[in-house]
Amino acid sequence: MRMTENGEDSSPSQPDGVLPRGAPGGKDPGVSSDKRPVNPSTEDNKPTKLIDTLQFPQDVQDQSSKPSLYQPRPPLLPKPPALSKGGKSGSMEEVRSRRLKHSQESLTDPAETGSSTDSLKEDSTVTGVFTLSGAATLRNGQGSIVGPLLTPTGSPVFRARGQSLSEYERRPHDHHGDPVEQRGRPFKVRLSPLQPSGPLPALEQTLASESLRTANRIDRDCVDYGIVPGRAGPERLHLHRNLSDSRLLDNMVLDNTSVNSMKSTFSVLNPIRPRDVRNRSFLEGSVLGSGALLGAEELDRYFPERRVGIYIATWNMHGEKGLPNNLDDLLLPTDSEFAQDFYIIGVQEGCPDRREWEIRLQETLGPYYVMLYAASHGVLYLTVFVRRDLIWFCSEVEHATVTTRIMSQIKTKGAVGIGFTFFGTSFLFITSHFTSGDSRVYERILDYNKIVEALALPKVLPDTNPYRSTSSDVTTRFDEVFWFGDFNFRLSKDRVEVEALLNQNQGVDMGPLLHHDQLSKEMKDGSIFKGFQEALIQFLPTYKFDVGCDVYDTTSKQRTPSYTDRILFRNRQVGDIKVIKYTSCSMIKTSDHRPVIGMFQVKLRPGRDNIPLGAGQFDRSLYLEGIRRRITRELKKREATKDQGSSTICSIS
């Protein structure tokens, strides 16, 4: 900072004859508190060496007329005893001196080339000296003027050791205490390292962080309170929700997920940094894999193993109007550890009220799931439910139907398919009902061929691998294909022989029975379901039962028990689909068919955001109605339990 002769701030341009501080021969003019030049003749009895260290405006004017060579000055001598005894020299007493260590090297000073390590080893002495008129200036050990020293009425420049200076205090100030822009050599104040005034409190270490895994898992609630060690009683509870707590940063650990940011123990959600949001466009998206909504980072955050859980159920409902009282056995079997991410339910000969069927499904799955899409073809129903936190990664959903009847108005036989993309993997789900009859194998093969040729999917969605697709087979145009339904293939044995084989195996080894299965034989011959696989069958035939019991057909037709209800799958990459479970649901007996369920783990791949995204669309009215019924059912159950507990039996002796 430079001062004019009147003690005011100079203009941005350098005054004539005044060299900038730090240049050879350059000196800063002295400043008086009353803005008047100081007359050196009034201070004749001051010590000569102290007078020599002071600069007056007259000196500046003299130097402006003639240049002078730069001559280094010797270090300041100790304060004369006369200055500390009062009298006229009392106004010249030294304010204070302290040694300051370099804390860091100035990055804005091109003249300094030393490293930060060297600067920490250097010491500099800064001395505050009052001018004859009362203004204070700072001088270093070489006698050069460093800058003005603020009076105690301004912001305090010097603090006790262990404290730090604010940004305001680091900046130079004029004699009014106002900060000014500094020119020339920057003003630097270096302090010694901070020293703690006492022992630091114990910090909690959280070194392990589990990634958010939504596949087959419900996240646990966060713990709001923690136990503070060393305390007893109610004071041990300490609220952890104070974000200003110094332990917050220590409780947060690095999470290598989509945002590469810190994961907090106070929420199951990962904090999102503004720069990550700037780099993302969730609805339009970038074609780049990095930072995309459907890209690898987001995929690894939700599915570290890159496998999604698929639950498939197929059931011929036999057109019954009455639905089972409880569908938990169909969708939520007790022998499964986790619920799955997708639930796909295909129905043949469905109930007349399709909407009621969908509400019952929503009521069973509860608030964790939403209906992504539903399609029908006559009495063929196909419904897709997805975990609500995964709906943002689904594309728009497309469906198509095919009838295999000669009369297209009769929609009891045919197929309905639903296709969509999840992250970068395309899925196709088909449920179908083939021609019935023990000996009509050829007709069933014709049904299959018509469906694979006529099912018009995908429509708008891009093919993830068009080089491996064919126009004559819809199943080649998707990465993962599941085909399930009532295929009506029978066992080529009479009933007596089939029952004898069932009694011998008791549902353990179905190999001898499947040796006579029509579908297995045709698949081996390559005449149907080309490229498809089926899991090992270890359950009893699902057709045909008497309604309401576990006895096979006792009517006059005496139909042969058969595996008519099946779940098949096909994938482009070998090993993409892993079978977890494949069985029948023997608890639901409202139809002459037993439902068949399958659980699968499917490989996922990252995708691009340039596909039509579903943007979180689902059936909201269905969701609300299903949740309302679920709550009503729970309230009725509690009331019934309460009434049973309050009832008493009185006896009279």
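**Student:** Help me understand the overall build of the chain in this model?
**Tutor:** Assigned secondary structure in the chain consists of 14 helices and 19 strands. Expressed as a percentage of its 653 residues, the buried residues of the chain come to 43%. For the chain, the proportion of contacts with a sequence separation of at least 24, taken over those separated by at least 6, is 68%. Carbon and sulfur atoms make up 53% of the accessible area of the chain, which totals about 35,500 Å².

**Student:** Would you take a moment to explain the nonpolar core for this structure?
**Tutor:** Nonpolar side chains tend toward joint burial in soluble globular proteins. Counting 56 residues, the largest nonpolar core has I310, F342, F420, F422 and F429 as its most contacted members. With sequence-adjacent residues up to four places away left out, I310 is seen in contact with Q340, F342, I344, F427, F429, G598, M599, F600 and V602. Among the nonpolar cores identified, the runner-up in size contains 26 residues, and W315, W357, M371 and Y381 belong to it.

**Student:** Explain the sheet that holds strand β9 (residues 307–316) to me, please; I cannot follow it from the model alone.
**Tutor:** Backbone-to-backbone hydrogen bonds pair the strands of a sheet. The strands run either parallel or antiparallel. In space, the six strands of this open sheet follow the order β11-β12-β10-β9-β19-β18, with mixed pairing throughout. Sheet topology places β11 (369–377) and β18 (577–584) at the edges, where each strand pairs with a single neighbour. On average, each strand axis in the sheet is tilted by 15 degrees relative to the strand beside it, whichever way the strands run. Bridge count for β11 against strand β12 (residues 380–387) is eight bridges, and the pairing is antiparallel. If you follow A374 over to β12, its bridge partner there is T383.

**Student:** For this particular structure, what's the right way to read helix α9 (residues 354–365)?
**Tutor:** Residues spaced three or four apart along an α-helix point in a common direction, a consequence of the helix completing one turn every 3.6 residues. Here α9 is 12 residues long and its end C-alpha atoms lie 17 Å apart, about the 16 Å a rise of 1.5 Å per residue gives. In terms of burial, α9 is a largely internal element, nine of the 12 residues being buried. What α9 keeps buried is the set W357, E358, I359, R360, L361, Q362, E363, T364 and L365. You can read the cap of α9 off the contacts: a side-chain oxygen lies 3.3 Å from the backbone nitrogen of R355, and it is on D353. G366, located one to two residues past α9, shows a positive phi value of around 80 degrees.

**Student:** Can you walk me through the packing of aromatic side chains in this structure?
**Tutor:** Aromatic ring pairs are reported here in terms of the distance separating the ring centres and the angle at which the planes meet. A full pass over the atoms with the stated rule returns 29 aromatic pairs. Ring geometry for F422 against F423: centres 5.1 Å apart, planes inclined by 85 degrees, an arrangement best described as edge-to-face. In this structure, F422 and F423 share a single accessibility class: buried. Taken together, the ring pairs in this structure connect Y302, F303, F342, F393, F420, F422, F423, F427, F429, F482, F569 and F600 into an aromatic cluster. One cation-aromatic arrangement involves R444 over F489; the distance from NZ or CZ to the ring centre is 5.0 Å. The side chain of R594 reaches across the aromatic face of F545, ending 4.0 Å from its centre.

**Student:** Would you take a moment to explain helix α13 (residues 518–525) for this structure?
**Tutor:** Among the residues of α13, those classed as buried are Q518, L519, E522 and M523. Looking straight down α13, one finds its buried side chains confined to an arc of 125 degrees; they lie on one side. Residues of α13 that are exposed and point more than 90 degrees away from the buried face comprise K521, K524 and D525. Against α10 (441–454) and β17 (565–571) lie the buried residues of α13. Its side-chain oxygen 3.5 Å from the backbone nitrogen of L519, D517 forms the N-cap of α13. Residue G526 follows α13 closely and has a positive phi angle near 80 degrees.

**Student:** How should I be thinking about the environment of Y582 in this particular structure?
**Tutor:** Structurally, Y582 can be placed in strand β18. Note: C-alpha distance between Y582 and A535 (47 residues apart in sequence) is 6.6 Å. Among all residues touching Y582, those that are not within four sequence positions of it are E534, A535, L536, I537, F539, R566, I567, V596, I597 and G598. A distance of 2.8 Å separates polar atoms of two side chains, one belonging to Y582 and the other to E534. Within the structure, the side chain of Y582 is placed 3.1 Å from the backbone nitrogen of I567, a separation counted as a polar contact.

**Student:** Is there a simple way to explain the sheet that holds strand β16 (residues 480–486) in this structure?
**Tutor:** Strand order in the open sheet formed by five strands is β13-β14-β15-β16-β17, and the pairing between neighbours is mixed. Both edges of this open sheet fall to β13 (398–403) and β17, since each of them pairs with a single strand only. Here the average twist between neighbouring strands, direction ignored, is 15 degrees. Here seven bridges tie strand β15 (residues 425–433) to β16, and the two strands are oriented parallel to one another. Each residue of the ladder has a partner; that of L428, found in β16, is V481. Against the sheet, α10 touches β13, β14 (414–422), β15 and β16, its axis set at about 145 degrees to β13.

**Student:** Explain the pairing of β11 here, please?
**Tutor:** Where a strand is regular, its side chains alternate between the two sheet faces. Along β11, seven of the nine residues are buried, which leaves the element largely enclosed by surrounding structure. Where β11 folds back onto β12 in an antiparallel hairpin, the turn is made up of two residues, including G378, whose phi is positive at roughly 65 degrees.

**Student:** Where do I start with the side chain of D546 in this structure?
**Tutor:** Locating D546 in the fold gives a position in the loop between α13 and β17. Buried and unpaired, D546 has no salt bridge, with K544 as the nearest side chain of opposite charge at 6.0 Å. In this structure D546 touches V551, Y552, D553 and T554, once residues within four positions along its chain are discounted.

**Student:** Where do I start with the pattern of salt bridges in this structure?
**Tutor:** Between side chains of opposite charge, a pair can form when the charged atoms approach closely. The tally for this structure, following the rule as stated, stands at 26 salt bridges. The residue R387 makes a salt bridge to D389 at a minimum N-O spacing of 3.3 Å. Judged by its relative accessible area of 5%, R387 is buried. A salt bridge links R490 to D438, with the shortest nitrogen-to-oxygen separation between them at 2.6 Å. Of the two residues, R490 sits in the loop between β16 and α11 (495–505) while D438 sits in the loop between β15 and α10, which places them 52 residues apart along the sequence.

**Student:** How do you make sense of the side chain of T542 when you look at a structure like this?
**Tutor:** Assignment of secondary structure puts T542 in the loop between α13 and β17. Assessed through its relative accessible area of 1%, T542 is described here as buried. Here T542 is in contact with S562, T564, D565, S584, D592, H593, R594 and V596, once residues within four sequence places are set aside.

**Student:** In this structure, what is going on with the environment of L293? I would like to understand it.
**Tutor:** Of note, L293 is situated in the loop between α6 (274–278) and α7 (296–302). Among the residues examined, L293 registers a relative accessible area of 9% and is labelled buried. With 130 residues separating them along the chain, L293 and F423 place their C-alpha atoms 8.3 Å apart.

Parameters at a glance
Residues numbered from 1 in each chain as written. Predicted model: local features only at pLDDT ≥ 70, side-chain atom pairs only at ≥ 80, totals over all residues. Heavy atoms only, no water. Helix = DSSP H or I, 4+ residues; strand = E, 2+ residues; numbered from the N terminus. Buried < 20%, exposed > 50% of the residue type's maximum accessible area, 1.4 Å probe, protein only. Contact = heavy atoms within 4.5 Å. Areas by Shrake-Rupley, 256 points an atom, 1.4 Å probe, with all protein chains shown as cover. Core = buried A, V, L, I, M, F, W, Y, C linked by side-chain atoms within 4.5 Å. Pairing = 2+ DSSP bridges. Axes fitted to C-alpha atoms, helices over the stretch in contact; angles between N-to-C directions. Expected span 1.5 Å × (residues − 1). Polar contact = N/O pair within 3.5 Å; in protein donor to acceptor, adjacent residues only side chain to side chain. Phe/Tyr/Trp six-rings, centres within 6.5 Å; stacked < 30°, edge-to-face > 60°. Lys NZ or Arg CZ within 6 Å of the ring centre and 35° of its normal. Arc of directions from axis to C-beta. Lys, Arg positive; Asp, Glu negative; His and termini not counted. Salt bridge = Lys/Arg side-chain N within 4 Å of Asp/Glu carboxyl O.

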